[in-house]
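Residue-level listing of the chains:
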Amino acid sequence: MPQFAPLQNDTFLRALLRQPTDYTPVWLMRQAGRYLPEYRATRAKAGSFMGLATNPDYATEVTLQPLDRFPLDAAILFSDILTVPDAMGLGLYFVEGEGPKFERPLKTEADVMALRAPELGSLDYVFKAVTQIRTELNGRVPLIGFSGSPWTLACYMVEGQGSREFHTIKTMLYNRPDLMHHILSINAKAVAEYLNAQIDAGAQAVMVFDSWGGALADGAYQEFSLKYMQQVVSLLKRDKDGVKIPAIVFTKGGGHWIEQIADIGADAVGLDWTVNLTQARKLAGHKVGLQGNLDPAILFASPDQIRAEVHKVLDAYGTPAAGNGHVFNLGHGISQFTPPENVAAMVEAVHSYSKAQRAG
């Protein structure tokens, strides 16, 4: 196992673990992405999205790009949530302008019963990238590993691509819940193994993205999404060499279920921009830290307006007290059309205003 440099800025990890911090840490979902001209240049060199994601050198380069530009408090591995079903043999490919698709989605009972958790060796390019990024970070900030949630992966595996309505998977869920549970239990085991391998490779925190949990009805969410995220969390390594490895879970559209999500054993809950942070803090109590939740569209406004909206989010959370923790983030991924200088204004506002709040 490689020896990594000691961590110089642990503010992000401390906030997740609800320990005191001098300011509110900030990172962005999709911070390594198309809004940065340097990312677009590397992507062009790689020739395709998967060419970028499967090459540890390129993945390292794009993971570090936003940190060279902005004083962010964490790096997140550059990868895709669909690496796991791809490694299960479903044949991931990308269509320009249409997003990810699978050549062999789970259409029949036989397809579902043939599904197996992937051999971790087939995902070695991800773990190599994690170790390389952690090495090249040289202790600047912590590195986040991640995966899609069992339900969100299943949505793509059954639909064959992203969806607005989720007719195919919801038909399976209601007609054949036995098949749905079979897919989800395999996914939960695979996701936990995948995240634990990222921790072994050097990830210092992990996040489960439940992008499509909010598409489920109340009741179905608990049975088909939350239950399996809880399984994943229960199987995660929570420390490595005596250092705690925090786990974050994020359901987009999950605001109605904050208390239930806070009960599954993760260290922090990510929130989308529809959630009132004051209420969320009351509901979550001392069980979890919170992450979020600026509307990504605010980054198209003027820098003065961005600062005002950042202040609103930080005021809504309030000053962290003992047993609370807040990580500033967007309520979902950053838009590819965001001006980078507006991100700089946001990061600066988070750091300066949260320091002033604590000095208050």
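What comes next concerns the included structure. (Residues numbered from 1 in each chain as written. Predicted model: local features only at pLDDT ≥ 70, side-chain atom pairs only at ≥ 80, totals over all residues. Heavy atoms only, no water.)

## Notes on the sheet that holds strand S10 (residues 289-291)
A sheet is described by the order of its strands in space; here seven strands give the open sequence S1-S4-S5-S8-S9-S10-S11, paired in parallel fashion. Because the sheet does not close on itself, it has two edges, and the strands there are strand S1 (75-76) and strand S11 (326-327). Lying over the sheet, helix H10 (residues 177-201) contacts strand S4 (143-148) and strand S5 (205-210), oriented at roughly 165° with respect to S4. (Pairing = 2+ DSSP bridges. Helix = DSSP H or I, 4+ residues; strand = E, 2+ residues; numbered from the N terminus. Contact = heavy atoms within 4.5 Å. Axes fitted to C-alpha atoms, helices over the stretch in contact; angles between N-to-C directions.)

## Observations concerning the environment of Ala349
The topology assignment puts Ala349 in helix H15 (residues 340-359). By relative accessible area, which is 1% here, Ala349 ends up buried. The contacts of Ala349, once residues within four sequence positions are left out, are Arg307, Val310, Leu314 and Ser354. (Buried < 20%, exposed > 50% of the residue type's maximum accessible area, 1.4 Å probe, protein only.)

## A closer look at H10
With 25 residues, H10 ought to run about 36 Å at 1.5 Å a step, and its terminal C-alpha atoms sit 36 Å apart, in line with that. Here H10 lies mainly inside the structure; 18 of its 25 residues are buried. Looking one or two places after H10, you find Gly202, whose phi comes out positive at around 135°. (Expected span 1.5 Å × (residues − 1).)

## So, unusual backbone geometry
Note the cis peptide between Gly292 and Asn293, where omega equals 0°. Its place among the elements puts Asn293 in the loop between S10 and helix H14 (303-317). Positioned with a positive phi, Arg18 is a non-glycine residue whose angle comes to about 60°. With a phi angle near 50°, Asp241 is a residue other than glycine that sits in the positive phi range.

## Remarks on the pairing of S4
The buried count for S4 comes to six of six residues, which makes it a mostly enclosed element. Side chains of S4 alternate between two faces, with Leu143, Gly145 and Ser147 and Ile144, Phe146 and Gly148 buried alike. One ladder, built from two bridges, connects S1 with S4; its direction is parallel. Residue pairing in the sheet places Ala75 in a bridge with Leu143 of S4. Examined bridge by bridge, S4 and S5 share five bridges and lie parallel to one another. Bridge pairing links Ile144 to Ala205 in S5.

## Describing the pattern of salt bridges
On inspection of all chains with the given rule, the structure shows 15 salt bridges. Put simply, Glu38 and Arg69 hold a salt bridge, and the shortest N to O gap is 2.9 Å. With Glu38 in helix H2 (residues 37-46) and Arg69 in helix H4 (residues 56-69), this pair connects stretches of sequence that are 31 residues apart. The exposure class assigned to Glu38 is partly exposed, which follows from its relative accessible area of 23%. With a relative accessible area of 37%, Arg69 lands in the partly exposed category. The residue Glu109 makes a salt bridge to Arg176 at a minimum N-O spacing of 3.0 Å. Of this pair, Glu109 sits in helix H6 (residues 109-113) while Arg176 sits in the loop between helix H9 (167-175) and H10; the two residues are 67 residues apart in sequence, bridging distant segments of the chain. For Glu109, a relative accessible area of 41% translates into the label partly exposed. Look at the salt bridges and you will find they share partners, linking Glu109, Arg176 and Asp178 into a network. (Salt bridge = Lys/Arg side-chain N within 4 Å of Asp/Glu carboxyl O.)

In short, geometric facts, not functional conclusions.
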